[in-house]
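Summary of the model geometry
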Amino acid sequence: MSQSSNLSSLSYAKSPVVIALDFDDIDRAKSLVNQLSPEQCRLKVGKEMFTLFGPDWVRYLVERDFDVFLDLKFHDIPNTVAKAVSAAAKLGVWMTNVHACGGQDMIQAAKEAAHSSQSQAGVSPPILTAVTVLTSMDERQFSAIYQSNDIAAKVLELALLAQNSGADGVVCSAKEAVMLRERVNKNFCLVTPGIRPAGSALDDQKRVMTPNQAIQAGVDYLVIGRPITNAPSPVEALAQINASLT
C-alpha cells in the first residue's frame, strides 16, 4: 500500500489490486471468483454485470467476504444519487463512486447517504470516491469537450472539489497520482483503472502505468481487468502482480 495513505484500516484485505469483473457470463465469473480469496484481491462490479445480474450478484460476492467496489459512477440530481448510494451501502459494498462533475451538492448528498445507511444497516459505510477524467480519454477527446488539452489541471480541479465536498478519494489515472499526492490530504485515496502490467495490451485505455509504477506514484488501489481475467491462468497473473508490488 502507499505509505501516504491510512485507508488500510478500512478493510482487512491485504492486496491493493481490485479485479474488474467485466463478464457477460455469470458462470464464468463465478468460476474465477471461486479460485480467489479476499486476501489476494478486491473485486469490482461495473455497469455490465450489475445491469445483467443485479444486486444479487453483489450480495453473492459480499457474502464470500470480498471487498466489493460497486462502480456505477452515479451522476444525477443530489436526491437521486443519495438514494442510489444508500442502496449500495445497504448491499454492504466496500466502495462506490459518483462523477465529480456532478458537483458539491451531489457529492455531499452521496456522502451523507452512505453514513446514514451505515447506522441503519449496522455496517461500515462504503468508501465514496469520485471519478475525475476517464482513463480512456486522451487529449483529443478531452479538448473536444472542454476546449482545453490540459487534462491534469481538470483532474486536480475535480479532485479538490471532491475532497472539499466530503468524498474519501477519487478515481483517476495513475499518471496524475504524483501531482494529486502533493495537493490532496494524505488520507484521501487514489483509485486507478488503466493499470497494465509490462507487456500487456492497452485495450481501450490511454493513460496507463504498470502496477509497481502506480504504487510508487502514490496510488492506493489498482483496478485491473483483462490482464488478469483474460490471462491463461488468472490466479497466476494476479500472483505475479501482487509479487511485483512487494
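How each quantity is defined
- Residues numbered from 1 in each chain as written.
- Predicted model: local features only at pLDDT ≥ 70, side-chain atom pairs only at ≥ 80, totals over all residues.
- Heavy atoms only, no water.
- Buried < 20%, exposed > 50% of the residue type's maximum accessible area, 1.4 Å probe, protein only.
- Helix = DSSP H or I, 4+ residues; strand = E, 2+ residues; numbered from the N terminus.
- Right-handed = clockwise from strand over helix to strand, strands pointing away.
- Pairing = 2+ DSSP bridges.
- Phe/Tyr/Trp six-rings, centres within 6.5 Å; stacked < 30°, edge-to-face > 60°.
- UniProt positions renumbered as here; feature names shortened; annotations may be inferred.
- Contact = heavy atoms within 4.5 Å.

Describing the pairing of strand β3 (residues 68–74)
Two faces belong to every sheet, and in a regular strand the side chains alternate between them. Among the seven residues that make up β3, six are buried, leaving the element largely enclosed by the rest of the structure. Read from strand β2 (residues 42–45) through helix α2 (residues 47–63) to β3, the crossover connection turns out right-handed. In the sheet, β3 pairs with strand β4 (residues 95–99) via three bridges, with the strands oriented parallel. Bridging across to β4, Leu70 finds its partner in Thr96.

Concerning the packing of aromatic side chains
Applying the stated criterion across every chain yields a total of three aromatic pairs. Centre to centre, the rings of Trp57 and Tyr60 are 5.3 Å apart; their planes meet at 15°, and the pair counts as stacked. Taken together, the residues span about one helical turn, with Trp57 and Tyr60 both in helix α2 at a distance of three residues. Accessibility expressed as a relative area gives 1% for Trp57, which makes it buried. A residue is classified by how much of its surface remains accessible, and Tyr60, at 14% relative accessible area, is buried. Ring geometry for Trp94 and Tyr221: centres 5.0 Å apart, planes at 90°, overall edge-to-face. Of the two residues, Trp94 sits in the loop between α3 (78–90) and β4 while Tyr221 sits in strand β8 (residues 221–224), which places them 127 residues apart along the sequence.

Section: the UniProt feature "active site" (unreviewed entry) in the chain
The residues that UniProt annotates with the feature "active site" (unreviewed entry) are Lys73. Beyond its immediate stretch of four places on either side in the chain, Lys73 contacts Lys47, Asn97, Val98, His99, Val131 and Leu134.

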